[in-house]
Structures are given as structure tokens and as C-alpha cells.
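Understanding the architecture of this molecule
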Amino acid sequence: MKLTGAEIFIECLKREGVKTVFALPGGVVLKIFDTLHQQKDIEVILTRHEQGAGHMAEGYAKATGKAGVCLVTSGPGMTNVITALADAYMDSVPLVCFSGQVPTSFIGNDAFQEADNVGLSRPCTKHNFLVKDVNDLAATIKEAFYIATTGRPGPVLVDIPKDVSMAKAEFTYPNSVSIRGYNPTYEGNKWQIKQAAEAIMKAKKPILYVGGGVIFSGASQELLELAEMTQIPVDMTLMGLGAFPGEHLLSLGMLGMHGTYQANMAMHYSDLVIAIGARFDDRVTGKVSEFCPYAKVIHVDIDPTSIRKNIHVDIPIVGDCKTVLRELNQILRATVNGEQKDLRKPWWDQIREWQQAHPLTYHQEKDGPIKPQQVVKRLYELTKDRDPIVSTDVGQHQMWAAQYFKLAKPNRWLTSGGLGTMGFGFPAAMGAQAAFRDRLVLCIAGDGSIQMNMQEMATAVVNKLPVKIIILNNGFHGMVRQWQDLFYEGRYASSYLDTTPDFVKLADAYGAVGLRVKKVGDLDAVLKEALATDKPVIVDVPTYPYENCYPMIPAGGCNHEMILEDPPELKKKQSGAAKVTPEDKDTVLTA
Amino acid sequence: MEHIISVTVENKFGVLSRVAGLFSGRGFNIESLSVAPTLDPSMSQMTIVTSGDERIIEQIVKQLNKLIDVIKVVDLNETEFVSRETAIIKVHTKDADRAEALRIVDIFRANVIDSTPSTYTIEVSGDPKKIEAIINLLQPLGIKDLVRTGRVAVAREPVRPVAMQAKKVARD
Ligand SMILES: Cc1cc2nc3c(=O)[nH]c(=O)nc-3n(C[C@H](O)[C@H](O)[C@H](O)COP(=O)(O)OP(=O)(O)OC[C@H]3O[C@@H](n4cnc5c(N)ncnc54)[C@H](O)[C@@H]3O)c2cc1C
Ligand SMILES: Cc1ncc(C[n+]2csc(CCOP(=O)(O)OP(=O)(O)O)c2C)c(N)n1
Ligand SMILES: [Mg+2]
């Protein structure tokens, strides 16, 4: 029997196990929407902006480990979703985005709402396709899902002209895919793995540096075994949080620009860095020429381009984390004995000393302004038994969330690391909530970032996605203000938000629930009230505006040279500035 | 250092822009690039002349391999290869110059492929040095037009693609 392109599209999605599509219609995709409307297997969540649809698909993907799917129209629909594609590309999120295109006979004529979708998305997708013939549609969709979810995951775009969605073809879904130019390597080279095992046995000051790759690979169990067996401390990247239990004795927390003191010191003084599914980003390496000066480097990554891109690697292993770690553990199981513990005792003594010297700190006065760290800490303590999924926006609040919200398991952490996309948090949380209707999903947001995709509150209310948004409202683009205080002599060029909406009323206007924490003493009660609500909630928490996030390695600085607290001049200034209310615009601007 | 990279790609629309976009987006050099179909009509062959230090060339090769439409990448500098470039040069020639032009053509084993009362169109192929040399000699006569193909190259013996070699190198 012949099916229309739109019907083929739906049959393919069903076979890929897609349950939810985040979408916004337009002229050239109407046939697809019309067909979706007449079936029950796939839920369509209508968003208010295509960027929202893209981030929702990302949140869905990160929480489930499966490909997220979004559907947008040509022209402006496509340009709106680009930010989400770029975000997914940087953070290796498996995504399949379908875009509508003008009919094939119109392509290239500057037709109404025409855009070169394939050209626009080329630099920010893993691969993309323009389907010119309905007979190619099914095979192309199969390839798109295959490419998005295998190897190093990433976003794939499938551009479908209007006439292709209307034309008919015989439907057959291929059972398998074979692309001669695409064969990701999963098995690590055995000889290299043996070398790695030997280096691990010999190392006196080893450190595991683990990233998002461990989560994509589902290798947390193997990582735990490796770390416990060898008693090697674990540093996590921002994207790797949750890959290893945050409360585990072997965990040193996050490393990098805003990482913990012990995580960065251990990295710097290590004699063997074991990088697993991490890509030596500049937020982690700092000044490359002085990065880990004493260490040999083992690097396990499925993408050969990640290896030796930024730093020299002594033992490269191209392969999947899970497969490689299994093999590595097998070798180590046969060789590890009590000796390693003794060999590394001085290393652990040193690490514990670092830990005690400079733990993460902040000072919350009893009746003083609310400190953002206090909010994250209490939120963590109040919710950890419920195994929540946590998303963040981008800025200081993101870093505090990374530092104080200790995740126990993978796929609980949704954050934009590579692109650093403000406005990511709320829609990503909604995508995760759409995948897991019964779970607790939190969004730790900034007052600046939340305004970038606020419109999706309508989507959350209509689709009953009871995300709990906690806004750390400092009245500033706080991360920008921090840099201005540290490096631009406190000139707050366009970082003061001047006026923000009344978030409580705004929630109310959307039919969600709005709550405000007026003083630190009310924090627990208000958070508990929010957590007990079964609707989307915004908790507006006005926080101390001048709190800075530490430790901090200035861009291009060295990992062992962290700023640990406000420099003296800044402290002095702020003791006066603290009295300024954010409403007092003139004083703030001249502060 | 200059490298000649031979890339076998799917013969599909848009592949050239993927490769070109990779070079421009990542700030890699392209000195020349030539593309043409192969014996197998489903594939095309690109020869890319580029330059960079070892780390950059390694990234170029890996990034090319990462493109889904790229089937095989060979860094010809890793092996022995022969390469050629063709230039078509139109020179202004009057009177005595015409004889001089023909002498140069003869020395360089070039061919005159078109002739008008005031011009010769000369075809020459060889390595870049030879082409530079003939251009230098013809310049005083007055070059009206010059087009060059960019280099094409082929390994003397069959070689394995770089992705597989990289693994071997890593083992050594
Ligand atoms: C304001 C701000 C501040 C930041 N500060 C920090 C900071 O202090 N510390 C920090 O760490 N980051 C920080 N980041 C994030 C940083 O920019 C990078 O996004 C992050 O460091 C990258 O994490 P990753 O190395 O785990 O790589 P990811 O981006 O998660 O990449 C994963 C790697 O694993 C590989 N991989 C994928 N799948 C597999 C598999 N199956 N098997 C093997 N390998 C696989 C991929 O090829 C890739 O190389 C910050 C971001 C922002 C916005
Ligand atoms: C889309 C986008 N635009 C600009 C930036 C640059 N930027 C990084 S953090 C930040 C401030 C974020 O402010 P807010 O959301 O209030 O978070 P805070 O730092 O105050 O916690 C800005 C503007 C960005 N990351 N993303
Ligand atoms: Mg803010």
C-alpha cells in the first residue's frame, strides 16, 4: 500500500520508538501536522517558540538517553531552532530535527519563507539531509536516527519539502543502516588498553577526569568499579556531573574554571591524568602550556578529533567508554592488590589536606540577604531523596548548582556547557518532564536567563508539565557583573537588569503558581510548598546581588592559581554596596 | 609544512560545501582543491593541498574522516606519490614574440592549443615549480589570462586510509 510522505514520517517515528515530538507548525509542514493530528501513538507538544522546541528535545534526550525529536517549519521556524541545534552539537546531544521546506520546484527561487535549511544548519549539525524524493524518505529518517544516536551523538536535521510530504510511495522501513563513510569505533585498541592499565598500576598520583562521554555511554557502573578498585580520585566536568556519585568519598567534585580547590589542585599536581569521555575544554585546561605539567595523559574518547585537539596525549584510546572500561577493569582486577593503596597514601593525604584547607564556602547571616548557595544547598537537601532531574540556565546560578547540588546518578543533570545558552534551562526541564511525567524536575534559573524562554510557561501549563523553577534573582546578569567587578573596575556595562517582571504575578498570569521567598527564614517553607504543588511553579528568590562565585580560575589562568574569595578592594566596596537595593538604579549603576 | 590530502567522497550534492565549510569554519588553509568523479560514479575524488604543523594536519585528517560523506582520507605525504598541475596560459604575441613564445613552449614540453593573430593559448602541466617557471618566462611577452587546475596527485603504491594508519602509529 502506498503512503503519503507525512504518513511515512509517522510510521518511521513509531518504529524508532518516538513517543513525543516538540513542534510548531507552519505552511509547508501542515500536511505532517494534519496527519499527526489524526493518530494517537505520538504526542505532539506545541511550543511557543522553536528554540523552546529544540531545547525541550535536548532535555528529553539527556534525561532518557534516546534521541529527542522536534519539528519546525521552513524559514523563520528553522532560523529559530538553530540555537538549539548549535547547543546540541556542542554538547553532543542526540537530536533529530525535522524542518519543512518549500516545494522542490520552488527551491532556490526565494520562495515565501524559503531558507537554505541544510546550508544554515551545516556547521551546527552532525549531519543533515534534504529529501528530494518521497521514495528516499524512510531510509533517510532511519539514517538520521542512526547517525544522531551512535558514535559521538549529535543533532541531525532532515529537511522535507512540502511536495515530498504530500507525495505517495510504497513504505518499507530498512532493518539496518550501512553508511560506508561512517563507522564509529567502539572497541578500544587492546594493546593501548594494556598500556593504560600498566600506567595506572604504576602511578603515584593518578586522577580520573571524567566527562559527558561516560553518561552518553552509560558507563557509570564501570567507572565506579574502576575508581573503587584502584582508589583513584574522580574529577568531573560540568557535563560529567552525575557520572560518578557526587557524595562518594572518592569524588572531588567539579574541576575547571569554577571547580573545587581539591579537584583543580589534584589535576595540576597529578602524575597520571585518566581522561574518560571528556574533551579538554578551555574551561578545564586553563592555560594549555601549563596544564598538568607533571602528568602522563590517557585519553579514552569515541571521537578521534577530541584526542590531541588541545593537549598532548600519551596513551590515546579511541573507543566507547563502557567497552573500554570493561576491558580495562578486567585487566586491573587481575593485577590490583593492596600495594596501590600504600603507594597512593601520600597522594590521598595531600588531597584531604587541600580539601580541608579550602572547602566550598559562603556565609549566610541569619537575618541577612539570602545567599544563592544557601538556596541551592537547601533545595538539594530537601529533594535528594526524590532523585530529581535538575536543569540550569547559564550564569552564576549554574555554577552554584554545579557546586552544591550533588548528583548521585547520571542523566539527572541538564545544563548547557559548550555553547552556554541562556534560556536553555526551562525548556530542557520541560522536555525531561515530558519524558518522565511522575518524576520531580527542578530548574535552577537566573533572572536574566529565564526571560529568554519565558514564553514556554504557556506550554508547561497547557501540557501539564509541573516543572519547579527556582529563580536566583540577583537583579543582574550576575556572571557578567562578576567579571566586571574583577576585571573591568566595577563598571557595570549592561549587566544590571534594571527592571525584571514580577515573576510571581507572571506565573499567575500564565495559570501557573508563583511564590516568593521574602527572607532566609522562609526559604524551607516556601520551597516545600513549591515541591508539594502539582502545577508548574516559579519560586522567586531575591538573592544578595553582589555574591561572587569561587573558586575561579581567570580565563587563560593556571589550574593551581585560583581566586578563592573577593579581593580586598572588592570586599570593601561591597560592604557599602550591600545596602543598595536593586531598585535604586542610579546608585547601583555608579557603584 | 605543505601536505597533499586525497579524499574520496560520496558523489552527492552539498559534499563540496561540507568539506569547504570544514576548512573555513576551523581556520584550516586550503591552497588548492580539485574535485572530479572517479571510475565509480557514486564517488568523487578530491585533492586538497593544505599546510600546517603536525597537530593541525592530524586534526584536518581526523575532521575530514568525521564527515559522514567522506569515505576515505589519505595524507599523501605519508607515502610516495606523483602529482601534476595543469595551467592554461593565454599570451599576447606579436611579430618576433611569436617565435620566442614557441621556443619557450618547446623547452617546457608545453602545447599550443589555440592561436589567433595576436595570441597563443598554451597548455602546460607538471609540478608547481615548472609552472611557475614557464609563467615567469612568458610574463615579459604579456600574459592575458591564466588558469590553473590546482594539483591532483596519486600514491605510487596502494595505501591504507589514514584512519587505520593512525591506530597503527598509536601502537608503535
Ligand atoms: C558559565 C560556564 C562556566 C563553565 N565552567 C566550567 C567549569 O568550571 N568546569 C567544567 O568542567 N566545565 C565548565 N563549563 C563547561 C565547558 O564549557 C564544557 O562544556 C565542558 O567542560 C565539557 O565537558 P566534557 O569535557 O565532559 O565534554 P562533553 O561536551 O560532554 O563531550 C563529551 C566527550 O566525550 C566523548 N564521547 C561521547 N560519547 C562517548 C562514548 N560513548 N564513549 C567515549 N567517549 C564519548 C565526545 O566525543 C566528547 O569528546 C562551563 C560552561 C559555562 C557556560
Ligand atoms: C544567549 C546568551 N546571551 C549572552 C550570554 C552571556 N552571558 C553569560 S552569563 C550571563 C548572565 C546570566 O544572567 P542570569 O541568568 O541572571 O544568571 P546569574 O549569572 O545572575 O546567576 C550572560 C549575559 C549567554 N551565555 N547566552
Ligand atoms: Mg541574575
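Above this text is the structure in question.
What comes next is a walk through the structure. (Residues numbered from 1 in each chain as written. Chains lettered and ligands numbered in written order. Predicted model: local features only at pLDDT ≥ 70, side-chain atom pairs only at ≥ 80, totals over all residues. Heavy atoms only, no water.)

**Describing the site of ligand 2**
All names here are of chain A. Near ligand 2 there are 17 residues, and of these Gln-396, Gly-420, Asp-447, Ser-449 and Gly-478 occur at the shortest range. Take Gly-420: an N or O atom from its main chain is 2.8 Å from a nitrogen atom of ligand 2. Gly-448 is positioned with one of its backbone polar atoms (N or O) 2.8 Å from an oxygen atom of ligand 2. Bound to the protein, ligand 2 loses 75% of the 590 Å² it would expose on its own. Secondary-structure elements contributing two or more residues to the shell around ligand 2 are α17 (396-404) and α20 (478-487). Examining the composition of the shell around ligand 2, we find that three residues originate from one element, α20, more than from any other. (Near = heavy atom within 4 Å. Polar contact = N/O pair within 3.5 Å; in protein donor to acceptor, adjacent residues only side chain to side chain. Areas by Shrake-Rupley, 256 points an atom, 1.4 Å probe, with all protein chains shown as cover. Helix = DSSP H or I, 4+ residues; strand = E, 2+ residues; numbered from the N terminus.)

**Observations concerning helix α15 (residues 345-357) of chain A**
Residue and element names in this part refer to chain A. Between the first and last C-alpha of α15 there are 18 Å, a value that for 13 residues agrees with the 18 Å anticipated at 1.5 Å per step. Among the residues of α15, those classed as buried are Trp-347, Trp-348, Ile-351, Trp-354 and Gln-355. Projected down its long axis, α15 shows its buried positions confined to an angular sector of 120°, all on one face. Of the exposed residues in α15, the ones pointing more than 90 degrees away from its buried face are Pro-346, Glu-353 and Gln-356. Where α15 is buried, its residues contact β9 (206-210), β11 (251-254) and α11 (261-269). (Expected span 1.5 Å × (residues − 1). Buried < 20%, exposed > 50% of the residue type's maximum accessible area, 1.4 Å probe, protein only. Arc of directions from axis to C-beta. Contact = heavy atoms within 4.5 Å.)

**Description of the pairing of strand β5 (residues 81-92) of chain B**
A regular strand carries its side chains on alternate faces of the sheet. All names here are of chain B. In this sheet, strand β9 (residues 152-155) lies alongside β5 in antiparallel orientation, the contact comprising four bridges. For Arg-84, the partnering residue across the bridge sits in β9 and is Val-152. As paired elements, β5 and strand β7 (residues 119-126) share eight bridges and run antiparallel to each other. Paired with Thr-86 across the bridge in β7 is Ser-125. (Pairing = 2+ DSSP bridges.)

**Quick word on the sheet that holds β9 of chain A**
Residue and element names in this part refer to chain A. Across the sheet, which stays open at both edges, the six strands sit in the order β11-β10-β9-β12-β13-β14 with parallel pairing between neighbours. Since the sheet does not close on itself, it has two edges, and those belong to β11 and β14 (315-318), each with one partner. Within the sheet, the average angular offset between the axes of one strand and its neighbour, ignoring direction, is 15°. Pairing analysis gives five bridges linking β9 to strand β12 (residues 272-276), with the strands arranged parallel. The residue of β12 that forms the bridge with Val-210 is Ile-276. (Axes fitted to C-alpha atoms, helices over the stretch in contact; angles between N-to-C directions.)

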